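What the coordinates show
If you want the building blocks of each chain, they are given just below.
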Amino acid sequence: MSKRRRHRSAEKMLGTSPGTLTYVGEEIEHATKIKRIDYNATEYHIDDPIKLSTCQIPASETPYVSWIDVDGIHEPKVVAALGQQYHLHPLLLEDVMNTEQKPKIDLYDDTVVFVTLKMLHHSRARQEIDIEHVSLVLGKNYLVSFQEERTKDIFEPVIERIKASSGKTRRNGADYLLYALMDVMVDHYFVITERIGEKMDELEEQIVQERATQQTLGTLYTLKRELAFIRRTVYPLRDVLGVLLREESELIQHSTLPYLRDLADHVNQVIETLESYRELIGGLMDVYYSIVNNRMNSVMKTLTIVSAIFIPLTFIAGIYGMNFANMPELRSPTGYFWVLFVMAFIAIGEIVYFKRRGWM
Amino acid sequence: MSKRRRHRSAEKMLGTSPGTLTYVGEEIEHATKIKRIDYNATEYHIDDPIKLSTCQIPASETPYVSWIDVDGIHEPKVVAALGQQYHLHPLLLEDVMNTEQKPKIDLYDDTVVFVTLKMLHHSRARQEIDIEHVSLVLGKNYLVSFQEERTKDIFEPVIERIKASSGKTRRNGADYLLYALMDVMVDHYFVITERIGEKMDELEEQIVQERATQQTLGTLYTLKRELAFIRRTVYPLRDVLGVLLREESELIQHSTLPYLRDLADHVNQVIETLESYRELIGGLMDVYYSIVNNRMNSVMKTLTIVSAIFIPLTFIAGIYGMNFANMPELRSPTGYFWVLFVMAFIAIGEIVYFKRRGWM
Amino acid sequence: MSKRRRHRSAEKMLGTSPGTLTYVGEEIEHATKIKRIDYNATEYHIDDPIKLSTCQIPASETPYVSWIDVDGIHEPKVVAALGQQYHLHPLLLEDVMNTEQKPKIDLYDDTVVFVTLKMLHHSRARQEIDIEHVSLVLGKNYLVSFQEERTKDIFEPVIERIKASSGKTRRNGADYLLYALMDVMVDHYFVITERIGEKMDELEEQIVQERATQQTLGTLYTLKRELAFIRRTVYPLRDVLGVLLREESELIQHSTLPYLRDLADHVNQVIETLESYRELIGGLMDVYYSIVNNRMNSVMKTLTIVSAIFIPLTFIAGIYGMNFANMPELRSPTGYFWVLFVMAFIAIGEIVYFKRRGWM
Amino acid sequence: MSKRRRHRSAEKMLGTSPGTLTYVGEEIEHATKIKRIDYNATEYHIDDPIKLSTCQIPASETPYVSWIDVDGIHEPKVVAALGQQYHLHPLLLEDVMNTEQKPKIDLYDDTVVFVTLKMLHHSRARQEIDIEHVSLVLGKNYLVSFQEERTKDIFEPVIERIKASSGKTRRNGADYLLYALMDVMVDHYFVITERIGEKMDELEEQIVQERATQQTLGTLYTLKRELAFIRRTVYPLRDVLGVLLREESELIQHSTLPYLRDLADHVNQVIETLESYRELIGGLMDVYYSIVNNRMNSVMKTLTIVSAIFIPLTFIAGIYGMNFANMPELRSPTGYFWVLFVMAFIAIGEIVYFKRRGWM
Amino acid sequence: MSKRRRHRSAEKMLGTSPGTLTYVGEEIEHATKIKRIDYNATEYHIDDPIKLSTCQIPASETPYVSWIDVDGIHEPKVVAALGQQYHLHPLLLEDVMNTEQKPKIDLYDDTVVFVTLKMLHHSRARQEIDIEHVSLVLGKNYLVSFQEERTKDIFEPVIERIKASSGKTRRNGADYLLYALMDVMVDHYFVITERIGEKMDELEEQIVQERATQQTLGTLYTLKRELAFIRRTVYPLRDVLGVLLREESELIQHSTLPYLRDLADHVNQVIETLESYRELIGGLMDVYYSIVNNRMNSVMKTLTIVSAIFIPLTFIAGIYGMNFANMPELRSPTGYFWVLFVMAFIAIGEIVYFKRRGWM
């Protein structure tokens, strides 16, 4: 999570008219790339790249499902032009460009289903989680997908499946495509939670085997923040799917519902796993604190035992180190040995006492 | 809980088409075994094992309840074949094979009720809880049960009851069989909670009698994790039963509802017991920390008392151990005894002070 | 709370058919006693004891309310016989005998209202709470009550009111009797919470007056467990009454509803009091820990002050106790007094410093 | 909060018939005083005191609003007589007399709206909160108010407004009077929360300026208990108003609803303030503990620094205080000065080390 | 947050009639300024200032949207006069003047929508958050806005947009104006949360880099209070927008709903950010405490190591400092060196022991 992305520059936005298109994410130099895939059960065409001007809302009796994949959301002009060609509401376009927007669903008069959600991608190299803002616009026979410009196209596997065979994706409509794209993203959430699970196992081992340091706690704290962040990204998806399942939009066919239910089930599984990790972190912290506490106790016990044994003995030695003219014991030939004997007796007595109290 | 089973290998699944059948559990070498039991109030037939090809959806006017018990869910081919013969949805079959799937219920167009849940079995030998993924498919006059391949058949008691007499199970339909199988599994949950209760009693005794060690806390932590795990397994069952009771599927007869309500009641009882254990663990931890804290206090008090008494005395002894040429007290014949008297006076004074403050 | 009663022997129950009558409570030797009270506004008859065979479901046009009070639920035969005579569902009978069953309500086809709840009785002698499993079966014109066999009949006050006068109980139907019996039991809950309140006041006084010991915390923990236990017993009663008020069973007359509402109100009051006690215990623990912490602080301060004053002084004395041949100060006739002066100066300086920091 | 009032003597109530009128509050010697105010927009009559026998339910076409104000609820006879004259349900009368009853609303067949709530009055002299049990019975054209007997009549301001002018109260019906009386009481809640806010500000200042003592925590605990108590008194009022607004009783005119909504808003404001105080107390406790902890740390650091510096030096002095016949250093004429130099070097080294670690 | 504004002077309000207009905020000397802006898609007129008497409810067929902006709510006369001219309910006017009123919405008979909310403005100079009480009254074709008198007009940007072009604001009705004004205020909330986020980042850096002091915790506490305060201000806005979206008032056109939904979405985003900050603060406190704890541990370890090494050695030195006549070792010529050797051996032994236990 690069911190720079966390804050929308709220101050600059003050007073701008609602629906003003402004890109608030990282600066990007590449131009937007647009791809079009038309397919049905028997054939498919891919145009990559296509010009902006050729993207038009397809006729309602077209025999194809038309998928426009927009790679790059940083050019207000491009987004605005697409918005006009597909008759999209200005607020919808604002949400497409606002990389700070949380996942949500909007139904515009039963002609458009708008879903925005987050792609999470774990970068092993940087040990970070990359976030990508993705928006999907489902219309009659067509779907427009917007993704932030990245080196890798996250929808590649779906394109491959379309190319590969005339399987489920090819036989079904644009609503199934919407499902398939969301499904790809949710599958990535499983990968992320798996990674976090691995880290947790490591930390648990460290803590339970008492090899934990102050740094371990720091890692736990970072993990907790990461979990909170992912949770905030995944939770709203539950509502998104809930709306899709409940609202009975005409754009969603009855046969797609079991797949959406299955997806909702997957999202719930991710959420549950995240919750269980959160609980686990709490438990690990307790164990960590208890171990630290225990170490402290054992340090204090050592101090107390050493002090309690030697301080009184030193006092006795101090007494016979005094230089009084008249100290009868000093003159006794066996005095020294008696004192040593008394000291040994005291020391052993204390050791027995400490053993009994379980301090040694 | 063997850890290896906890994570679905999410990365390998990336990009596969939804509904692809993949087995994700432990590797298994045995072949799938299928058993068929046909029964009604007056007679019963058991074919064990039967061939896959003879499993067919029974005619709707058959006088028997037909139960197909599939022992092993690791062979995609077998599951796919059964799916075809019984007209099951690909997503249903995916759930049958996905041992990571949480308990859930799905109603497919009122022709099939699909329930998946977890068998928990406490292994005394390994002091572990074994989990088994079980799926039940209820249709008109028939029930197909899938269980992971294990040495012991968990539905044995129900088969015994069918063989033994023409009791309730024999007189009722496939929906009662569904209930009976779920009931057997919930009964095992009671056994599990009983075991945990015993462990808790042990720990409580250890802690309250102040015999707890750092390890006790470790056990509490493990117990907490186990409880969380079981809770996540049992909770969804409440919803499963809620749907069965609410949805009024035609496959569930009116006379079976009281039994399902009773089962829901049992599940609630298990959940409640788990919750009370969770609370208890929190309380035990508090007591444990307080005892540790108290011990620490008593250690510190000992240190303080010993130091506070002997450090000043040692100082006095140190004074008269100095080698100044002119120290009048040293020459007094009774000086030594006066000093001993003063020391005793100081020591007694401090002891009285500490007793008054309640430190001794 | 005798621990032995807490666990149902789940393992033994594995595989038994649902509805099998098994008594799981404490072992009892007495035989079941059955009493019958028939009454209306003008007259009443009490037969005590009666034979099992004479208990029959009364004719629907009978002018009496017929109350069968069964004292003892440990004999499966007796319960089964009553079940047959009153046409009760096997699962209902299972709940009557299962002393582990939580309070609940079941409506069987509008011919029977079945309520099971717990009698709590505080035994001053043993300083324990006795639990008794009570079941009430309300039918047209009759009520069958089951209670565990005990020395004292808990429904005595209601019988007395029936005998005493032709008051509200006599003038109303069997539904009012159901209310009256539940009311007697809820009144006992008030007594229990009052007892707990008294114990809490004691503990609060102990803690606030800083007389608390490790044992006080143990008592708080026990109290917390007791509270949790009672809460689990009382909470479900809220739902029971909610169902009675909402479901509009024909067996409950309109005029009885205000009384049931009042009872629900009482139950809520008990729950609220329990909740406030729970919160209070949390607060008391905080105060206790803070006091313990404070004591620890004052112990540490004492240690620090004594050490900080005398350790440096002892060091100075040690210096002049060294036996070097050439130590000029030792030969000075006023050296000794100068050293004593310096020591006094250091000691006073430190005392001033500690006073300023507020440690003394 | 006088503790004696907290517990209803539950044991004495065991077995009494429901609806039995028993006064459970503090003992009171004065007789009940009854006042009657009849008013409409043009005129008003006050009879104070009136005899019990002259209190009658007014005719439904009376041109006056008739308000009976009963001052004293400790005489069962008086309450019972009023109950008969106004046709009130026995359970309603029980609630009037039960000073332990939580605030609630009951609608009796659309002929009577019964509201019971608590007057809270802050006594500056005793630094305590006085509670008074108040019940309001709204009928067609009349309202009967019951209050505990106190020196001051809490409804005085409303009577003054009735006398003063023909304002809103005079122009509206009995339902507006119900609102006006409740409003007076809620206004007192604001005063109470204001007092608590002042105390909190004081405590916050004490804690943040590190002047807090163990007693401060005691005050925080008392405040927390007081807050919990008030919360339990105010919360149910929300439901009471919710029912009044929702149920659309014929006794409540449409024009009174905005006022009741406004009152509900005030109650919510009180609740919110109480909640924010509760949160604040939690935060203050955290700060307090952290300050205590910090003090402890600084005590320990002092101890450690003093000990770590002087204990090794004392050891060195001890070495040269030994009386061995052959200790070459002792004979060196500069030995003493070398030792002093080494000691100074060690001391300075340690001071530098502690400064670097930030301990000094 | 100036504390003086927190408390409504509840005691003075006791007994005043509901709907009495009293200003409870800070004292203000300026007179109220009123501005009127009439506009439609083609033209606009601004009258600033206008006289109170010229503010009249516009005719329902007026071609303009009429916006009255009242700058100052401290003069009861002015507010009352406006109330009369626009037929506003007395309770509405009470809410306009009560600066303590929490955000809320009231619908008065579908002729007026009344919204009151809080402007939050971060003052960089004083490092404080300024609060301004704002009320908006939406009628047919008109909107009256009330704001507290301040140097800067917060609605300036909207006025600028009206002046600038015939954009969305000009083309839409009074309901869109209501949205636009609320939107301006919500945009300020984003600025506030951004500021808090910056402070949090600073604190996090301080804490994680272990540069935190007791003061850091104080800042965290202040931040927590500020967050709680803002949360209480922003939360009710969610309900306000919920009512606007749900109630389908005739005053809100269908085309404005997407904008209000978008605004609700923004409010949710603010709330979510605040929640995540709250959680973060909790986590930071944990890390802080753990660091403090760790420092304490390292202090204690130092003390223990120094004491445990030197106290026994000093004891040995003390032994040979005794003055017994007969101490054979003292006479040995190598005794001194043996003792030094033994001391070194003990010291090294202890160091090895401490290293092994990980204390050094």
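Residues numbered from 1 in each chain as written. Chains lettered and ligands numbered in written order. Predicted model: local features only at pLDDT ≥ 70, side-chain atom pairs only at ≥ 80, totals over all residues. Heavy atoms only, no water.

Here we look at the overall build of chain A
When its secondary structure is counted, chain A shows ten helices and seven strands. Compactness check: chain A gives a C-alpha radius of gyration of 35 Å against a globular reference of 21 Å for 360 residues, more than 25% above the reference. In chain A, the proportion of contacts linking residues at least 24 apart, taken out of those at least 6 apart, comes to 68%. Carbon and sulfur atoms form 54% of the exposed surface of chain A, whose accessible area is close to 15,100 Å². Charged side chains in chain A number 41 positive and 49 negative. The centres of these two groups are separated by 7 Å. (Helix = DSSP H or I, 4+ residues; strand = E, 2+ residues; numbered from the N terminus. Rg over C-alpha atoms; globule rule 2.2 N^0.38 Å. Contact = heavy atoms within 4.5 Å. Areas by Shrake-Rupley, 256 points an atom, 1.4 Å probe, with all protein chains shown as cover. Lys, Arg positive; Asp, Glu negative; His and termini not counted. Charge placed at Lys NZ, Arg CZ, Asp CG, Glu CD.)

Quick look at the interface of chain E and chain A
When the parts come together, some accessible area is lost, and that loss is often what is quoted as the size of the interface. Taken together, the contact between chain E and chain A spans 64 residues of the former and 65 residues of the latter. Across the chain E to chain A interface the summed buried area is about 5,400 Å²; carbon plus sulfur atoms make up 60%. Taken together, the connections running from chain E to chain A amount to five salt bridges. A salt bridge links Arg278(A) to Glu279(E); the shortest N-O distance between them is 3.7 Å. At the junction of chain E with chain A, the criterion picks out 13 residue pairs in polar contact (both at pLDDT 80 or more). (Buried area = accessible area lost by both parts, 1.4 Å probe. Salt bridge = Lys/Arg side-chain N within 4 Å of Asp/Glu carboxyl O. Polar contact = N/O pair within 3.5 Å; in protein donor to acceptor, adjacent residues only side chain to side chain.)

Thoughts on the sheet that holds strand S1 (residues 33–39) of chain E
All names here are of chain E. In space, the seven strands of this open sheet follow the order S2-S1-S3-S7-S6-S5-S4, with mixed pairing throughout. The open sheet has two edge strands, strand S2 (44–47) and strand S4 (104–108), and neither has a second partner. Taken pair by pair, the neighbouring strands of this sheet meet at an average axis angle of 15°, ignoring direction. Judged from the four bridges that link them, S1 and S2 form a sheet pairing that is antiparallel. For Tyr-39, the partnering residue across the bridge sits in S2 and is Tyr-44. Where helix H3 (residues 90–97) meets the sheet, its contacts fall on S4, strand S5 (112–123), strand S6 (128–138) and strand S7 (142–147), and the angle it forms with S6 comes to roughly 160°. (Pairing = 2+ DSSP bridges. Axes fitted to C-alpha atoms, helices over the stretch in contact; angles between N-to-C directions.)

Considerations on the UniProt feature "transmembrane region" (unreviewed entry) in chain A
Residue and element names in this part refer to chain A. When the UniProt feature table is mapped to this numbering, "transmembrane region" (unreviewed entry) covers residues 303–323 and 335–354. In this annotation, residues 303–323 is assigned 81% helix and 0% strand; the end-to-end C-alpha distance for the span is 31 Å. The span residues 335–354 carries 100% helix and 0% strand; its end-to-end C-alpha distance comes to 29 Å. (UniProt positions renumbered as here; feature names shortened; annotations may be inferred.)

Concerning the relation of the copies chain D and chain E
Taken as rigid bodies, chain D and chain E are interconverted by a rotation of 72° and an axial shift of 0.0 Å, the fit giving an RMSD of 0.1 Å. What the superposition gives is, in effect, a five-fold axis relating one chain to the other. Closest to the rotation axis within chain D is the C-alpha of Gly321(D), separated from it by 4.5 Å. Interface overlap between copies is the fraction of interface residues in one copy that are interface residues in the other; for chain D against chain E it is only 17%, indicating separate surfaces. (Least-squares fit on C-alpha atoms with pLDDT ≥ 70 in both.)

Considerations on the confidence of the model for chain A
Residues and elements named next belong to chain A. Taken as a whole, chain A shows an average pLDDT of 86; of its residues, 95% reach a score of 70 or greater. Low confidence marks residues 1–8, where pLDDT is under 50. Its contacts with residues over four positions away, or in another chain, come to 30 contacts. Two numbers describe this predicted complex: its pTM, 0.82, and its ipTM, 0.77. (pLDDT = per-residue confidence, 0-100.)

Focus: the pattern of salt bridges
All chains considered together, the criterion is met by 65 salt bridges over all chains. Here Asp286(B) makes a salt bridge to Lys224(C), at a shortest N to O gap of 4.0 Å. Taken together, the residues span two chains, with Asp286(B) in helix H8 (residues 257–319) and Lys224(C) in helix H7 (residues 214–247). A relative accessible area of 29% places Asp286(B) in the partly exposed class. For Lys224(C), a relative accessible area of 30% corresponds to the partly exposed category. (Buried < 20%, exposed > 50% of the residue type's maximum accessible area, 1.4 Å probe, protein only.)

Thoughts on the relation of the copies chain E and chain A
Superposition of the two copies of the chain requires a rotation about an axis and a shift along the axis. Of the transformation superimposing chain E on chain A, the axial component is 0.0 Å and the angular component is 72°, with the fit at an RMSD of 0.1 Å. With a heterologous cut-off of 20% or less, the 17% of interface residues of chain E that recur at the interface of chain A puts this contact in the heterologous class.

Digging into the domain arrangement of chain A
If you check the domain split of chain A, you get domain 1 (2–290) and domain 2 (320–356). A separation of 81 Å is found between the C-alpha centroids of domain 1 of chain A and domain 2 of chain A. (Domains from an automatic or database assignment.)

Comments concerning the interface of chain D and chain E
If you look at the interface, chain D gives 65 residues, while chain E gives 65 residues. Taken together, the two surfaces of chain D and chain E that pack against each other cover about 5,400 Å², and 59% of this comes from carbon and sulfur. At the boundary of chain D with chain E, the tally comes to five salt bridges. Along the contact surface separating chain D from chain E lie 13 residue pairs in polar contact (both at pLDDT 80 or more). Those elements that provide at least two residues to the side of chain D that touches chain E are helix H4 (156–164), helix H6 (174–208), helix H8 (257–319) and helix H9 (328–331) of chain D. Considering every element that reaches the side of chain D that touches chain E, the biggest residue donor is H8(D), with 34 residues.

A closer look at the nonpolar core
By size, the foremost hydrophobic cluster in this structure holds 120 residues, and its most contacted members are Tyr320(A), Tyr320(B), Tyr320(C), Tyr320(D) and Tyr320(E). Contact partners of Tyr320(D), with chain neighbours within four places excluded, come to Gly321(C), Met322(C), Asn323(C), Phe324(C), Met327(D), Glu329(D), Leu330(D), Val339(D) and Tyr336(E). (Core = buried A, V, L, I, M, F, W, Y, C linked by side-chain atoms within 4.5 Å.)

A short note on the packing of helix H6 (residues 174–208) of chain C against helix H8 (residues 257–319) of chain C
Residues and elements named next belong to chain C. Axis separation between H6 and H8 bottoms out at 10 Å; the angle between their running directions is 15°. Overall, the two elements H6 and H8 adopt an arrangement that is roughly parallel. Where H6 crosses over H8, the two elements pack in a sense that is left-handed. When grouped by side-chain class, the residues that make up the contact of H6 with H8 number 22 nonpolar, four polar and two charged. (Parallel < 35°, antiparallel > 145°, perpendicular 65-115°, else oblique. Left-handed = near helix turned anticlockwise from the far one by under 90°. Nonpolar A, V, L, I, M, F, W, Y, C, P; charged D, E, K, R; others polar.)

Some words on the environment of Ile346(D)
All names here are of chain D. Looking at the secondary structure, you find Ile-346 in helix H10 (residues 335–356). By relative accessible area, which is 28% here, Ile-346 ends up partly exposed. Sequence separation between Ile-346 and Leu-21 is 325 residues, and the spatial gap between their C-alpha atoms is 85 Å. Contact partners of Ile-346, with chain neighbours within four places excluded, come to Leu-313 and Ile-316.

Some points on the sheet that holds strand S3 (residues 65–71) of chain B
Residues and elements named next belong to chain B. Here we have seven strands laid out as an open sheet, ordered S2-S1-S3-S7-S6-S5-S4, and mixed in their pairing. Here the strands that pair on one side only, and so sit at the sheet edges, are strand S2 (44–47) and strand S4 (104–108). Taken pair by pair, the neighbouring strands of this sheet meet at an average axis angle of 15°, ignoring direction.

Quick word on unusual backbone geometry
With omega at -5°, the peptide bond leading from Asp48(C) into Pro49(C) counts as cis. Structurally, Pro49(C) is set in the loop between strand S2 (44–47) and strand S3 (65–71). With a phi angle near 70°, Asn141(B) is a residue other than glycine that sits in the positive phi range. Inspection of the secondary structure assignment puts Asn141(B) in the loop between strand S6 (128–138) and strand S7 (142–147).

Let's talk about the packing of aromatic side chains
Across all of its chains, the model carries 65 aromatic pairs over all chains by this definition. With centroids separated by 5.0 Å and ring planes inclined at 35°, the aromatic side chains of Phe324(D) and Tyr320(E) adopt a geometry described as tilted. Taken as a pair, Phe324(D) in the loop between H8 and H9 and Tyr320(E) in the loop between helix H8 (257–319) and helix H9 (328–331) lie in two separate chains rather than in one. By the burial criterion, Phe324(D) is buried, and Tyr320(E) matches it. By the ring-pair criterion, three or more aromatic residues cluster together here, those being Tyr320(A), Tyr336(A), Phe337(A) and Phe324(E). (Phe/Tyr/Trp six-rings, centres within 6.5 Å; stacked < 30°, edge-to-face > 60°.)

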